[in-house]
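If you want the building blocks of each chain, they are given just below.
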Amino acid sequence: MRKARLGILSRILAAIAVAIAFAVPAGAQVDSQLSQYWALPSYYNPAATGTIDYIHIMGGTKLQWVGIPNAPVSFVAAADMPVKILKKRIGVGLVLQQESLGLFSNLNIGAQISYKINLFGGVLSVGAQFGMFDQQFKGTEVHIPTDDDYHEENDDAIPMEDLHGTAFDMNVGVHYTHKWFWAGISATHVMEPTVSLNTEEGTSETLYESQAGRMFYFMGGSNIPIKNTLFEIQPSFMVRTDFNMVQPELTARLRYKKFLSGGVAYRYNDAVSIQVGAEYKNFFVGYSYDYPLTAINKASSGSHEVLVGYNVKLNMSGKNKNKHKSIRIM
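Where an unreviewed UniProt entry is consulted, the protein chain appears under the name Type IX secretion system membrane protein PorP/SprF, with the organism given as Candidatus Limisoma faecipullorum.

And the structure:
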């Protein structure tokens, strides 16, 4: 039985590996950069759905580089839960992300599913997300200076009409949950969707295209109880890369009495952050302040992020062998 299970596992992992690496990464990065990534791993990895016996709902917003006009503003919402199909535990979820950056606006909507296998005292999940990548450009708000020699008033490279386009999108991932730790690897925008931008009426030729670049994520974390105290140390990390750049992020948090938490984080060559959170029954609220370490700090006072979550208990029956304590929502 174990050999058969490992054989199935190896084939699943091989399929995921092919899906993750079948082409060379390129294109623009469109994922929101959440400092509290540990609270919402399913946003980056569809395999992280259905890991606890709750309907897990989370939403929040990030105001990036406050003080800079037209800086990125993003909103993320996600919900996931476990279900049983033919006595097998399946994770399902929905995710929505909207981000505005200058005259551009991106929208990602996806449905998620994950298949789970008991392995080495934990649960291994293999998941996928299917949805759409939607982009808009407000060309009617473009302003081109006419009082100098450096700009052309009629530049064909700059659209002067409102443009819009939609393309199919897909994410894949693998996630492992154990009572002592969790970890996962995933790829977003696997097919690097290319959006053909047209006018809202669709009357003009397709002259402009935009592409969502493939991004890879490796995340993990743990709870470490401090003996004879009510404190827990909660380290976590995230590494993201498109193989042209690599950006690691480390987070260290301290949780008291399963109620209050706080910590610091460092994102390589980008920012440091202070994070605080509180839990009460099934509610969670978290806040993060990011201070930029680059030249951006000359124009911006930093970034603000707020996440709010709620868990609804599900009855998965006492015979559920996958039941385990969640360590992802701190």
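Asker: Even after reading the chapter, I still don't get the nonpolar core, so can you show me in this structure?
Answerer: A general feature of soluble globular proteins is that nonpolar side chains tend to end up buried together. Counting 18 residues, the largest nonpolar core has Leu 40, Tyr 43 and Tyr 44 as its most contacted members. Secondary-structure elements contributing two or more residues to this core are helix 2 (41-44), strand 2 (73-85) and strand 10 (215-222). If one sorts the elements of this core by residue count, strand 10 sits on top with three residues. Ignoring anything within four residues of it in the chain, the contact list for Leu 40 reads Leu 34, Met 58, Val 76 and Ala 78. Within the second largest apolar cluster, nine residues are counted, among which are Phe 133, Phe 137, Ala 167 and Leu 197.

Asker: What am I meant to see in the environment of Met 215 here?
Answerer: Mapped onto the elements, Met 215 comes out in strand 10. Given the relative accessible area of 2%, Met 215 is considered buried. Spatially, the C-alpha atoms of Met 215 and Arg 240 are 6.9 Å apart, while their sequence positions differ by 25 residues.

Asker: Looking at this structure, how should I read empty space enclosed by the protein?
Answerer: It is a probe the size of a water molecule, rolled over the atoms, that shows where empty space is left. Evaluated as defined, the whole model comprises five cavities of 30 Å³ or more. Along its surface, the largest cavity is lined by 17 residues, and Val 95, Asn 108, Gln 129, Asn 171 and His 189 are the ones closest to its centre. Mapped by element, the contributors of at least two residues to the lining of the largest cavity are helix 2, strand 3 (88-101), strand 4 (104-119), strand 5 (122-138) and strand 6 (162-177). Looking at which element gives the most residues to the lining of the largest cavity, the answer is strand 5, with four residues. In terms of residue class, the lining of the largest cavity is built from eight nonpolar, seven polar and two charged. Reported here for the second largest cavity is a volume of approximately 70 Å³.

Asker: Looking at this model, I keep getting lost on the packing of aromatic side chains. Mind explaining?
Answerer: Two aromatic rings are characterised by how far apart their centres lie and by the angle between their planes. Going through the model one piece at a time under the given rule, you end up with nine aromatic pairs. Centroid distance Trp 38 to Phe 284: 6.1 Å. Interplanar angle 80°. Geometry classified as edge-to-face. Highlighted residues: Trp 38 in the loop between helix 1 (2-21) and helix 2 and Phe 284 in strand 16 (residues 283-292), separated in sequence by 246 residues. Comparing Trp 38 with Phe 284 shows no difference in burial state: the two are buried. For the pair Phe 231 and Tyr 256, a centre-to-centre distance of 5.0 Å together with 45° between the ring planes defines the contact as tilted. Highlighted residues: Phe 231 in strand 12 (residues 231-241) and Tyr 256 in strand 13 (residues 246-256), separated in sequence by 25 residues. Phe 231 gets classed as partly exposed once you look at its relative accessible area, which sits at 33%. The partly exposed category is assigned to Tyr 256, whose relative accessible area is 34%. Three or more aromatic residues link up through ring pairs in this structure, and these residues are Tyr 43, Tyr 44 and Tyr 217. Here the guanidinium or amino end of Arg 253 rests over the ring plane of Trp 38, the centre of that ring lying 3.7 Å away. Note that Lys 313 overlies the ring of Tyr 54, its terminal NZ or CZ placed 4.9 Å from the centroid.

Asker: What is the right way to look at the confidence of the model for the protein chain in this model?
Answerer: Regions with low pLDDT should not have their predicted coordinates read in detail. In this model, the protein chain carries a mean pLDDT of 84, and residues with pLDDT of at least 70 account for 80%. Low pLDDT, under 50, characterises residues 1-26; the stretch is placed with 38 contacts to residues that sit more than four places away or in other chains. Below pLDDT 50 for its whole length, residues 320-327 participates in 23 contacts with residues either more than four positions away or in separate chains.

Asker: Please explain the pattern of salt bridges as it appears in this structure.
Answerer: Opposite charge on two side chains permits them to pair, given that their charged atoms come into close proximity. Within this structure, the stated rule accounts for 10 salt bridges. Linking Glu 305 and Lys 62 is a salt bridge whose minimum nitrogen-to-oxygen distance equals 3.7 Å. Of the two residues, Glu 305 is situated in strand 17 (residues 302-313) and Lys 62 in strand 1 (residues 54-66); the sequence distance between them amounts to 243 residues. The pair Glu 305 / Lys 62 is uniform in exposure class, with both members buried. A salt bridge links Arg 255 to Glu 232; its shortest N-O distance comes to 3.1 Å. Of the two residues, Arg 255 sits in strand 13 while Glu 232 sits in strand 12, which places them 23 residues apart along the sequence. Of the two residues examined, Arg 255 and Glu 232, each falls in the buried class. Salt bridges sharing partners connect three or more residues here, namely Lys 62, Glu 249, Arg 267, Asp 270, Asp 290 and Glu 305.

Asker: It is not clear to me how a nonpolar patch on the surface should be interpreted in this structure. Could you clarify?
Answerer: A cluster of nonpolar side chains, namely Ile 224, Ile 226, Leu 230, Phe 231, Ile 233, Leu 254, Tyr 256, Phe 259, Leu 260 and Tyr 280, defines an oily patch on the protein surface of about 860 Å² accessible area. Of all elements in the fold, only strand 12 and strand 13 reach the threshold of two or more residues within the nonpolar patch.

Reading the values: rules and limits
- Residues numbered from 1 in each chain as written.
- Predicted model: local features only at pLDDT ≥ 70, side-chain atom pairs only at ≥ 80, totals over all residues.
- Heavy atoms only, no water.
- Core = buried A, V, L, I, M, F, W, Y, C linked by side-chain atoms within 4.5 Å.
- Buried < 20%, exposed > 50% of the residue type's maximum accessible area, 1.4 Å probe, protein only.
- Helix = DSSP H or I, 4+ residues; strand = E, 2+ residues; numbered from the N terminus.
- Contact = heavy atoms within 4.5 Å.
- 1 Å grid on protein atoms, 1.4 Å probe; cavity = no way out; pocket = protein on both sides within 12 Å on 5 of 7 lines; lining within 4 Å.
- Points joined across faces, edges and corners; volume = space filled by probe spheres on them.
- Nonpolar A, V, L, I, M, F, W, Y, C, P; charged D, E, K, R; others polar.
- Phe/Tyr/Trp six-rings, centres within 6.5 Å; stacked < 30°, edge-to-face > 60°.
- Lys NZ or Arg CZ within 6 Å of the ring centre and 35° of its normal.
- pLDDT = per-residue confidence, 0-100.
- Salt bridge = Lys/Arg side-chain N within 4 Å of Asp/Glu carboxyl O.
- Patch = residues over 30% accessible without salt bridge, like charges linked within 9 Å, V, L, I, M, F, W, Y side chains within 5 Å.
- Areas by Shrake-Rupley, 256 points an atom, 1.4 Å probe, with all protein chains shown as cover.

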